[in-house]
Amino acid sequence: MISFALTEEQTLVQAAAKQFAADEARPAARAADEAGEFPEMLLRRAWDLGLAKSAADAEPMDQPSVLNAVALGEIAHGDAALAVALAGALGFARAVASQGTEAQRERHLAAFQSDAPVFAAVATRDAGWFCGQGRATRAGRAGNGWRIEGAKALVPLAARCDRLLVTAETEEGVRGFIVEAKSPRLRIEPARGTLGMRALQMADIVLDGVEVTDDELLPGAMRRVIDASRIALTAVLGGLARAVYEYTLPYVKERVVHGEPIGRKQAVAFKLADMHIAANAIRWTGLRAAAELDSNPEAARTARLAQRYAAEQALKIADEGVQLFGGYGFIREYPLEMWYRNARSLSVLDGLAGV
Amino acid sequence: MVSFALTRADRAILKEAKAQADLASRHAREFEHDEDRMLPHAFPEAEGRPDTRAMLAHLEPETSGAKILTALLYLEDWRGGVPLREARYSLGNTALRIAGAPEQYERWRNRTIAIGLTESVGGSDPASTRTTATWDAAAGEWVIEGEKIFITYAESCDAVLVLARLVHPERRGLSAFMVEKGTPGLSVGRQFRKMGIRFEDTAPLAFSACRVPAFNHIDGDLKSMLRSFSESRPVVAAYALGVTRAALDFTWGRLAEIGIAPDYDQGPTETTAAADRLMSLEAEWEATWTVVLQAKWIEQNEGPGKIDSSMAKAMGGGLARRVTQTCIDVLGVCGLSDAYPIEKAFRDARIFDIYEGTGEVQRLIIAREILGYSPKELN
Ligand SMILES: Cc1cc2nc3c(=O)[nH]c(=O)nc-3n(C[C@H](O)[C@H](O)[C@H](O)COP(=O)(O)OP(=O)(O)OC[C@H]3O[C@@H](n4cnc5c(N)ncnc54)[C@H](O)[C@@H]3O)c2cc1C
């Protein structure tokens, strides 16, 4: 039955995330971007929302993808980078909780119940074709376990991750391996300065024949993990897009040029209308994919298309945000240029939990 | 709970609708050179097949709701190019239901009612209406004078709901009147020769000393009558979804012949430009579908939202233009040939950003609402 109504639980989580985003994430975002790192306290406060804890719970919750998408969207409304920082742990926890063996859940999810933030990543995407090694990550049988070769590009908070879910091509298709960050022959490159999402300290990870035992192979295909990461990315892009729209709306009513508010000119007002249309569509196309993943074995098509739509539209919205603020859009005193850099960065990703 | 899962009844109805759309598609071109021909009540293939609207009426409690399903049924009609069974979405009927008194609605509910708003001057601005309705106190009748253009169902309707300026000792402003076919003084002009949607009946109407009884005055406020657009605009976006679905399916079908298929895991650098462009349109299609359903869901639950239908309509209008333009790019020069459905989709699709409020008018409505501007402040 078609429905656009959030459950009570989802509404409560949404309200908490929204409050956190407004009170804590948004005010800290600029400084974190400038410093290229998050304050510890902020990460801790974000962790206190309890999202990753409940994602790691063995008890299946109702519509986990919808719940996470709603929460990530709200946090991203405050700061998209912070939402991504949480998404890594969320993605990892969901994947292991829903697909992992009992032993894997015991080994890797206990940490998520602690009060200190746990960092993890789902590294799905190999280095791009023109940068880095350009080689696909592959895993082959080696004795009783596996040997993984390859590189993952620009993994968020790579240096802080304790665990990674690494995807690699095997003879049976793409599979996921749980890899400890401290494994021998796993190298985390120095963090790179990046266009946007700078506080994430994204870094390349090189797997130079990393050996893992057979029991670190995640059962099942990676389909759901990839779909979930695209849904998370859609949610973050949606939150960012809404942030730009809501910030721009009052400005065009206040900014007086040629004797009247710029918002009274159609060239400006229609842009706001388009931003509103697209921000709403990103939100619902993303929640639709989330709901589909929650009640089906996979949501490959809708998740991909939602992410694609979100990527195109969020970039457009952030771009118009800069434009509507004129020179103020370009200077770092205002958030528009940061949102534009963040939108460009996010919209080139394939999914959230990796690149 | 957020859900996009169709119910069993939804699926049964839509399955039949899809089958009927496929049957109807063979008739889609019959009107191209025969524009005066009216759409038949039903094509022969409808024989022995259930009427999907009747199925919906029967199964409604088990569906996702009549409004959502109705929009999806129109999507299928338009995917087929012409409806197998004529199912008019007649705006006049909606307007009468919303603005008419109960006895007025009772009187005409089973008739097809065209809506006559547009005149030759400034169709986007109802305030520029020049058609008049003059009160004849002696006869207790209204006398309508004026001309309307681009009226859908002008020829095939039973009555028209016409917007006119009141000429009355105590009253002024705009109001609506029901004028039945056969009323002396009402005449239908020649069918317009259109770029597309040639199966649709579109003609001008002229009113000359056209008298209607006081009963025919739909004295609801004009705003509430114009609100009927809030119900119909997402349906127009659903038409756009239908035409573009057919265009995308055709284009993917041809690409498959040269080994290009959608792959939801490939990024832009790993695929062909053709597939990548279509993927972007698929994403926009799904987003539009979602927002059309959102508008209808809100309407089912709390009545039409202020701007939700305009949002759906604006998305549908833009989607229709982009999809059909790009499909021809991707298909290349053969896409121009009338041997294939794509050139027709291109012509048909262009109307959706024009009628029932242009894309600009939708943006005006949305912008006024979100910015809190009156029509005077933003026009
Ligand atoms: C096939 C067909 C069927 C139709 N069916 C019906 C029907 O059944 N009943 C009926 O009453 N009408 C009908 N119409 C009329 C249709 O609704 C109008 O054509 C439409 O509303 C636009 O009006 P117009 O053609 O006068 O264009 P105009 O109003 O002259 O607009 C021209 C251009 O100016 C833009 N514009 C206008 N005002 C503004 C503004 N304030 N700000 C920015 N841009 C603006 C418009 O968006 C458009 O791009 C039909 C039209 C067609 C082609």
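Bear in mind the structure is a predicted one, so any value in this text is a computation, not a measurement. (Residues numbered from 1 in each chain as written. Chains lettered and ligands numbered in written order. Predicted model: local features only at pLDDT ≥ 70, side-chain atom pairs only at ≥ 80, totals over all residues. Heavy atoms only, no water.)

A. Summary view of the interface of chain B and chain A. Residue-level contacts link 48 residues of chain B with 45 residues of chain A. Summing the contributions of chain B and of chain A, the shared interface buries around 4,300 Å²; its carbon and sulfur component is 61%. Here chain B and chain A share seven salt bridges between them. Where A:Arg230 meets B:Asp265, a salt bridge forms, and the shortest distance between an N and an O atom there is 2.8 Å. One can count 25 residue pairs in polar contact (both at pLDDT 80 or more) joining chain B with chain A. Elements with a minimum of two residues in the side of chain B that touches chain A: helix H8 (273–302), helix H9 (308–331) and helix H11 (359–371) of chain B. (Contact = heavy atoms within 4.5 Å. Buried area = accessible area lost by both parts, 1.4 Å probe. Salt bridge = Lys/Arg side-chain N within 4 Å of Asp/Glu carboxyl O. Polar contact = N/O pair within 3.5 Å; in protein donor to acceptor, adjacent residues only side chain to side chain. Helix = DSSP H or I, 4+ residues; strand = E, 2+ residues; numbered from the N terminus.)

B. Structural detail: the pattern of salt bridges. Residues and elements named next belong to chain A. Scanning all chains against the criterion turns up 65 salt bridges over all chains. A salt bridge links Lys 53 to Asp 115; its shortest N-O distance comes to 3.2 Å. Of the two residues, Lys 53 sits in helix H3 (residues 51–56) while Asp 115 sits in the loop between helix H6 (102–109) and strand E1 (120–123), which places them 62 residues apart along the sequence. The salt bridge involving Lys 265 is made with Glu 260; its shortest N-O contact spans 3.1 Å. Relative accessible area serves as the criterion here: at 30%, Lys 265 is assigned to the partly exposed category. For Glu 260, a relative accessible area of 24% corresponds to the partly exposed category. Taken together, the shared-partner salt bridges connect Arg 30, Asp 33, Glu 34, Arg 332, Glu 337 and Arg 341 into one network. (Buried < 20%, exposed > 50% of the residue type's maximum accessible area, 1.4 Å probe, protein only.)

C. Summary view of a nonpolar patch on the surface. A cluster of nonpolar side chains, namely A:Tyr328, A:Phe330 and A:Ile331, defines an oily patch on the protein surface of about 320 Å² accessible area. Its place among the elements puts A:Tyr328 in helix H10 (residues 327–330). (Patch = residues over 30% accessible without salt bridge, like charges linked within 9 Å, V, L, I, M, F, W, Y side chains within 5 Å. Areas by Shrake-Rupley, 256 points an atom, 1.4 Å probe, with all protein chains shown as cover.)

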